[in-house]
Amino acid sequence: MKQKILILAAFLGVGIAGLLLGVYMPKFQDSFKKIAEEKKLEEEKVRMERLTAQVLPKDGFELSVSWGDLGPKLVKAGVIDQKKFEEAVQMTDEQKKILTEGSDEKIKINSQNSQFVVDFLWALGLAQKSIVYDEGPLGKEYKNNQGGFASTGGWSLAKGDAVKYLNKFDLIPLTPEQHKLVGEIAKNVYRPCCGNSTWFPDCNHGMAALAAIELMVSAGMPEEQIYKEVLKLNSFWFPDSYLTTAIYFDRNGTLWDKVNAKEVLGQKYSSGQGAADIAKKVGPLPGRETGGGSCGA
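Everything numeric in this text was worked out from a predicted model, so none of it was measured.

A. Molecular detail of helix α9 (residues 223-237). Under the 1.5 Å per step criterion, the end-to-end length of α9 is 21 Å for 15 residues, consistent within 8% with the ideal 21 Å. For α9, every residue scored as buried is listed here: Ile 226, Tyr 227, Glu 229, Val 230, Leu 231, Leu 233, Asn 234, Ser 235, Phe 236 and Trp 237.

Structure below.
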């Protein structure tokens, strides 16, 4: 009898334990899930802080080329109307000097001056004679409608119609071979606001990237380094897109300082569609509102 009672008690104990487990298991599962989600969120925040310091460093980036006397030349030619430019762009004293007197300082870009950099290079990219305007879409398919784009009709900071300055000046010395190299690089450089490469610079970022490429090719920089430096510019012009791309690579085991800049600037990652696809795969960035560069002056 005593043995039967013990067996019955054991069964009852198991039953009660099972009942309690059934009652509390969902709560345990929810708690475990919440802990796991919080841990994952914290890991993503740490990842994002680490990558932000690499993609968008507080002090920005210094390129390997200088401003030179391009500012005064652009003002003198009328490509930049100084009064309009000063009204549209909040410039520091140093930037005013770059525009009106020139500077031997290397081009620097950070979160504070990215608008000045893109607008200055936009004007330069518009005015500089380029293979892109002779053999690309703006010189072929759209030759009779060159003013109908954000990069041309949208440049409102010139003296008069911006199109009259398009492809008109040899501001950057380039040999025929260098012009050809500019075109080859331009075909591989996209930007997240458009579906086109720099070979078809239909927006301000495209023309600004073109000017940067021309400057670096003229300086004799290696092609690999040119892609790396254009990526630095694009990163500050489209900060959320490239932070997202860096997270995508990092999650897949590739550190940002080890990525192939030419690959990242290509259609798969840097075109409008490519950047959107990567953003879907990564998901929203914790604690960061999305945003992008404007295509207007």
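B. Spatial organisation of the side chain of Asp 81. Its location among the elements puts Asp 81 in the loop between α2 (70-77) and α3 (82-88). If we ignore the near neighbours within four places in the chain, the residues touching Asp 81 are Leu 157, Ala 158 and Lys 159.

C. Structural view of the packing of α2 against helix α5 (residues 114-127). α5 packs onto α2 with a crossing angle of 60° between their chain directions and a minimal axis gap of 11 Å. Note that α2 runs across α5; the crossing there is left-handed. Within the contact between the two elements, α2 uses Leu 70, Gly 71 and Leu 74 and α5 uses Phe 120, Ala 123, Leu 124 and Ala 127. Across the contact of α2 with α5, the residue classes tally to six nonpolar, one polar and no charged.

D. Structural detail: the packing of helix α8 (residues 204-218) against α9. At their nearest, the axes of α8 and α9 sit 10 Å apart, and the two run at 150° to each other. Taken together, the axes of α8 and α9 are roughly antiparallel relative to one another. The interaxial crossing formed by α8 with α9 has right-handed handedness. Contact with α8, carried on its side by His 205, Ala 208, Ala 209, Ala 212, Ile 213, Met 216 and Val 217, involves Ile 226, Glu 229, Val 230, Leu 233 and Trp 237 of α9 and no other residues of that element. Per-class residue counts for the contact of α8 with α9 are ten nonpolar, one polar and one charged.

E. Geometry of the environment of Lys 106. One can find Lys 106 in strand β2 (residues 103-109). Taking the C-alpha atoms as reference points, Lys 106 and Ser 66, separated by 40 residues in sequence, lie 4.0 Å from one another. Apart from the residues within four sequence positions on either side, Lys 106 is in contact with Glu 62, Leu 63, Ser 64, Val 65, Ser 66 and Trp 67.

F. Examining the nonpolar core more closely. One finds Leu 121, Trp 155 and Trp 256 to be the most contacted residues of the largest nonpolar core, which totals 83 residues. Of the residues forming this core, the biggest block, ten residues, is contributed by α5. Ignoring any residue separated from it by four or fewer positions in sequence, one finds Leu 121 in contact with Met 207, Ala 208, Ala 211, Ala 212, Leu 215, Leu 233 and Trp 237.

G. Layout of the side chain of Ser 130. Relative to the helices and strands, Ser 130 resides in the loop between α5 and α6 (131-135). In contact with Ser 130, other than residues within four places in its own chain, are Asn 167, His 179, Leu 210 and Glu 214.

H. Fine view of the pattern of salt bridges. Counted by the stated rule, this structure contains ten salt bridges. Notably, a salt bridge pairs Arg 251 with Glu 44, separated by 2.8 Å at the nearest N-O pair. Taken together, the residues Arg 251 in helix α10 (residues 239-251) and Glu 44 in helix α1 (residues 2-55) connect sequence positions 207 residues apart. In this structure Arg 251 comes out as partly exposed when scored by relative accessible area, which is 38%. For Glu 44, a relative accessible area of 11% gives the class buried. Between Glu 87 and Lys 83 there is a salt bridge, with its nearest N and O atoms 2.7 Å apart. Taken together, the residues Glu 87 and Lys 83, both in helix α3 and four residues apart, mark about one turn of the helix.

The rules behind the values
Residues numbered from 1 in each chain as written. Predicted model: local features only at pLDDT ≥ 70, side-chain atom pairs only at ≥ 80, totals over all residues. Heavy atoms only, no water. Helix = DSSP H or I, 4+ residues; strand = E, 2+ residues; numbered from the N terminus. Expected span 1.5 Å × (residues − 1). Buried < 20%, exposed > 50% of the residue type's maximum accessible area, 1.4 Å probe, protein only. Contact = heavy atoms within 4.5 Å. Axes fitted to C-alpha atoms, helices over the stretch in contact; angles between N-to-C directions. Left-handed = near helix turned anticlockwise from the far one by under 90°. Nonpolar A, V, L, I, M, F, W, Y, C, P; charged D, E, K, R; others polar. Parallel < 35°, antiparallel > 145°, perpendicular 65-115°, else oblique. Core = buried A, V, L, I, M, F, W, Y, C linked by side-chain atoms within 4.5 Å. Salt bridge = Lys/Arg side-chain N within 4 Å of Asp/Glu carboxyl O.

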